[in-house]
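This is what each chain is made of:
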Amino acid sequence: MYTQAMDIPGNETKTPAGSDDPVRAAAFDERTARGEFVEAKDWMPEAYRRTLIRQISQHAHSEVVGMLPEGHWISRAPSLKRKAILLAKVQDEGGHGLYLYAAAETLGVSRDELVDALHAGKAKYSSIFNYPTLTWADIGVIGWLVDGAAIMNQVPLCRCSYGPYARAMIRICKEESFHQRQGYDALYTMMQGTEAQRAMVQDAVNRWWWPVLMMFGPHDADSQHSEQSMKWGIKRISNDELRQQFVDATVAQGKVLGVTFPDPDLCWNEARGHYDFGRIDWREFWNVVNGHGPCNKERLAARVAAWEDGAWVREAALAYAEKHAARQRSVAA
Ligand code: FAQ
């Protein structure tokens, strides 16, 4: 089932044909309502399988495309220590992509199919990675806010009803916590520096704040998948609730750092016990999701180029696999 990034010709994975027996579907719904985990070999409704393939593959693509904005700064990190940390972080994101592609493969789809869909512009990845990283402070802000939002969204996914996805998320969340702390630490250091460094941090926070709030997806009322995904225990907490939890946790961290947020409506609401915040520009969100953000074309072109440049590695691995199989056949004969 695991193809390790390539399909061996003649050995392609087959997506099981959908057979949605209503009696089994009802029993399945009861199982997920009881909070049970579903494993790869268990029967599942075709729509559950499709939903997971969609979400897990979008998540995997996000991790891999998400290496690009930060990768841009590896050669320009301000010290050896920051460079080593950033290298490790970007490699971690690549690793997250690989665990997630492997989790998606357990649902009967091959990694080549998933990667083809990304390269053809048919599969989505997180809107956030279509924004540019203009200064070193952007790298700190990605760690603090982007990884911070990712953790808020992903901790509940450790309890996702699909076992292989939930288990991958446990390790990913541990690593994301380190990512968030290194980002905050880099910003904190800059905030103890010169006036110009503090201004750089503030400018980065101003540019990333609203796109980070968009990462959680459309409002619950406009979220086409939430209701069913929550019934099946794929999503445990709604887009709006997670966004609110993120704002509530982050404002206090911003105060310690000494930055402000670019939202005049951001204020504590005693009655609700939460921060109120301003309106998100959903036109900008959909524009980015639909391929018209500042860096969409550049990001996709970079992924396609990486795939094409790596063709020789895949060819060599296939030739080796063929040689190995031929040797096994001759030993068996
Ligand atoms: N960007 O009905 P919903 C990271 C789409 S990883 C683009 O609410 P759902 C780590 C959505 O796909 C970040 N598209 O959908 C890192 C759907 O379109 P579809 C990624 C978005 O699935 C840090 C449509 O809108 N994390 O940051 C976005 O129930 C630093 C309707 O939306 C995950 O993928 C968006 N922001 O909820 C790496 C976590 N939001 O598929 C490197 C797992 C929504 O019908 C550096 N995913 N859409 O064509 C999830 O939790 C969910 O999929 C949501 C969306 C919450 C993202």
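Given the structure is predicted, the values throughout are model-derived calculations rather than measurements.

1. Comments concerning the overall build of the chain
Next up, step 1: When helices and strands are tallied, the chain shows 13 helices and two strands.
Next up, step 2: Rg of the C-alpha trace for the chain: 22 Å, near the compact-globule value of 20 Å for 333 residues, within the 12% margin.
Next up, step 3: Its C-alpha atoms give the chain principal-axis dimensions of about 75 × 50 × 35 Å.
Next up, step 4: Long-range pairs, those at least 24 residues apart, make up 78% of the contacts in the chain with a sequence separation of at least 6.
Next up, step 5: Of the roughly 16600 Å² of accessible surface on the chain, 57% is carried by carbon and sulfur atoms.

2. Here we look at the environment of R236
Next up, step 1: If you trace the backbone, R236 turns up in the loop between α9 (226–231) and α10 (239–257).
Next up, step 2: Residue class for R236 comes out partly exposed when judged on its relative accessible area of 27%.
Next up, step 3: With 22 residues separating them in the primary sequence, R236 and M214 have C-alpha atoms 19 Å apart.
Next up, step 4: Within the structure, R236 has its side chain in polar contact with the backbone oxygen of R159 (distance 2.7 Å).

3. What to know about α10
Next up, step 1: Here α10 spans 26 Å end to end across 19 residues, near enough to the 27 Å set by a 1.5 Å rise per residue.
Next up, step 2: Buried residues belonging to α10 abut α6 (136–154), α7 (163–191), α8 (195–214), α9, β2 (274–276) and α11 (282–292).

4. Observations regarding the side chain of R243
Next up, step 1: Here R243 is to be found in helix α10.
Next up, step 2: Taking relative accessible area as the criterion, R243 reaches 1% and is therefore assigned buried.
Next up, step 3: Among all residues touching R243, those that are not within four sequence positions of it are L213, M214, F216, G217, P218, H219, F277, I280 and W282.

5. Considering the state of the cysteines
Next up, step 1: Per the counting criterion, the structure on display carries zero disulfides.
Next up, step 2: Unpaired in terms of disulfides, C160 finds its nearest cysteine sulfur in C158, a separation of 9.7 Å.

6. Quick notes on the packing of helix α2 (residues 46–65) against helix α5 (residues 111–119)
Next up, step 1: Their axes nearest at 11 Å, the elements α2 and α5 cross at an angle of 65°. By the angle between their axes, α2 is roughly perpendicular relative to α5. In terms of crossing hand, the pair formed by α2 and α5 is right-handed. Residue-level contacts link I53, S57, H61 and V65 of α2 to L114, V115 and L118 of α5.
Next up, step 2: Here the contact of α2 with α5 is composed, by residue class, of five nonpolar, two polar and no charged.

7. Some details on the site of the ligand
Next up, step 1: In the vicinity of the ligand there are 36 residues, among which Q58, K124, S223, H225 and K235 approach most closely.
Next up, step 2: In the environment of the ligand, an oxygen atom lies 2.9 Å from a nitrogen or oxygen atom belonging to the side chain of R54.
Next up, step 3: Residue K124 places a side-chain N or O atom 2.5 Å away from an oxygen atom belonging to the ligand.
Next up, step 4: In the complex, 93% of the free accessible area of the ligand, which totals 1100 Å², lies under the protein chains.
Next up, step 5: Elements with a contribution of two residues or more to the shell around the ligand: α2, α4 (80–105), α6, α7 and α11.

8. Describing the pattern of salt bridges
Next up, step 1: Counted under the stated rule, the structure contains 20 salt bridges.
Next up, step 2: In this structure, E195 engages R198 in a salt bridge whose closest nitrogen and oxygen atoms are separated by 3.2 Å. One end of the pair, E195, and the other, R198, are both in helix α8, three residues apart, so they sit about a helical turn from each other.
Next up, step 3: The exposure class assigned to R198 is partly exposed, which follows from its relative accessible area of 27%.
Next up, step 4: A salt bridge links R207 to D203; the shortest N-O distance between them is 3.1 Å.

9. Some details on the confidence of the model for the chain
Next up, step 1: A residue-level look at the chain finds 94% of positions with pLDDT of 70 or above and a mean pLDDT of 94.
Next up, step 2: A low-confidence stretch, residues 11–17 stays under pLDDT 50, and its non-local contacts, those more than four residues away or across chains, total 15 contacts.

10. Considerations on the nonpolar core
Next up, step 1: Membership of the largest hydrophobic core comes to 48 residues, with the highest contact counts inside it found for W144, V201, W208, W209, V212 and F246.
Next up, step 2: Within the residue set of this core, elements represented by two or more residues are α4, α6, α7, α8, α10 and α11.
Next up, step 3: The biggest single contributor to this core is α6, with ten residues.
Next up, step 4: L114, C158, M169 and I234 belong to the second-largest nonpolar core, a separate cluster that totals 29 residues.

What counts as what
Residues numbered from 1 in each chain as written. Predicted model: local features only at pLDDT ≥ 70, side-chain atom pairs only at ≥ 80, totals over all residues. Heavy atoms only, no water. Helix = DSSP H or I, 4+ residues; strand = E, 2+ residues; numbered from the N terminus. Rg over C-alpha atoms; globule rule 2.2 N^0.38 Å. Contact = heavy atoms within 4.5 Å. Areas by Shrake-Rupley, 256 points an atom, 1.4 Å probe, with all protein chains shown as cover. Buried < 20%, exposed > 50% of the residue type's maximum accessible area, 1.4 Å probe, protein only. Polar contact = N/O pair within 3.5 Å; in protein donor to acceptor, adjacent residues only side chain to side chain. Expected span 1.5 Å × (residues − 1). Disulfide = S-S within 2.5 Å. Axes fitted to C-alpha atoms, helices over the stretch in contact; angles between N-to-C directions. Parallel < 35°, antiparallel > 145°, perpendicular 65-115°, else oblique. Left-handed = near helix turned anticlockwise from the far one by under 90°. Nonpolar A, V, L, I, M, F, W, Y, C, P; charged D, E, K, R; others polar. Near = heavy atom within 4 Å. Salt bridge = Lys/Arg side-chain N within 4 Å of Asp/Glu carboxyl O. pLDDT = per-residue confidence, 0-100. Core = buried A, V, L, I, M, F, W, Y, C linked by side-chain atoms within 4.5 Å.

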